[in-house]
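Architecture and fold: a report
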Amino acid sequence: MTRAVQKRTLETRARLIAAAEEVIAEAGYEAMRVEEVVLRAGVAKGTFFAHFRDKEALLELLIGTRIDAALDRIEALPAPADVPAIIEALMPLVAVMISERYVFDLILRHSGAAGKAEIGPIAQTFARTDQVLGEWLALGLFRRDVTPALLSSGVQAFLIHVIALHFCALHQKQTLQEMLAELLQAWLLPGGTRA
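As annotated in an unreviewed UniProt entry, the protein carries the name TetR/AcrR family transcriptional regulator and is attributed to Defluviimonas salinarum.

Considerations on helix α5 (residues 83-97)
Between its terminal C-alpha atoms α5 stretches 20 Å, which fits the 21 Å expected from 15 residues at 1.5 Å a residue. The largest bend along α5 measures about 50° and falls at Met91, with the proline Pro92 one to four residues further on. Tucked inside the fold, the buried residues of α5 contact α4 (55-75), α6 (101-109), α7 (121-139), α8 (148-166) and α9 (176-188). The N-capping residue of α5, defined by a side-chain oxygen 2.9 Å from the backbone nitrogen of Ala85, is Asp82.

Some points on the packing of aromatic side chains
Overall, the coordinates contain 4 aromatic pairs when judged by the stated rule. Summarising the aromatic geometry, the rings of Phe48 and Phe49 are spaced 5.1 Å apart at their centres and angled 80° between planes, so their arrangement reads as edge-to-face. Under the relative-accessibility criterion, Phe49 is labelled partly exposed at 40%. Where Phe48 meets Phe52, the ring centres are 5.4 Å apart and the plane angle is 45°; that geometry is what we call tilted. Considered together, Phe48 and Phe52 belong to a single accessibility category, that of buried residues. Three or more aromatic residues joined by ring pairs form one cluster here, namely Phe48, Phe49 and Phe52. Sitting over the face of the ring of Trp187, Arg143 holds its NZ or CZ atom 4.8 Å from the ring centroid.

Conventions we followed
- Residues numbered from 1 in each chain as written.
- Predicted model: local features only at pLDDT ≥ 70, side-chain atom pairs only at ≥ 80, totals over all residues.
- Heavy atoms only, no water.
- Helix = DSSP H or I, 4+ residues; strand = E, 2+ residues; numbered from the N terminus.
- Expected span 1.5 Å × (residues − 1).
- Bend = angle between axes of the 7 residues up to and from the residue.
- Contact = heavy atoms within 4.5 Å.
- Polar contact = N/O pair within 3.5 Å; in protein donor to acceptor, adjacent residues only side chain to side chain.
- Phe/Tyr/Trp six-rings, centres within 6.5 Å; stacked < 30°, edge-to-face > 60°.
- Buried < 20%, exposed > 50% of the residue type's maximum accessible area, 1.4 Å probe, protein only.
- Lys NZ or Arg CZ within 6 Å of the ring centre and 35° of its normal.

Here you go:
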């Protein structure tokens, strides 16, 4: 009996997730509505809330999954040896983060930096990104006066900063990659020299 209930619960959750992904593919993250998801999944609204605290909890799961997929692609790459290669390697992650302003805002709210006690899927991706970057930075010809972990934290901070500027009309003179290159060269290279 318990296995049948668990199987049904997992199937219902999968239908909700699939329905949400359909809505997002058609209208975007911000336009996703719980009512549309439950209609497409063929379940009652109460069933949605038995699986997810609210709309944002479902979106956090979906966006966290997309970030993890980008990180899977990034981890499969050889360690970048210079700043341009790091920027190129990070582009799958950047693509997720800039896909919609709403997505970026949600990522910031759930990054762990907003003082949330719960460590959710998005916050976990920040830790994973930190680990990947730290491993790369330990191998390359980057500055050695600070730890790779500190360098990694700086890269993530600059990445968030540059993405925020990407959404700002006042900072459209340089591309996201150009802004990031300038900051990372100053942060990662000994003496801040250009590669």
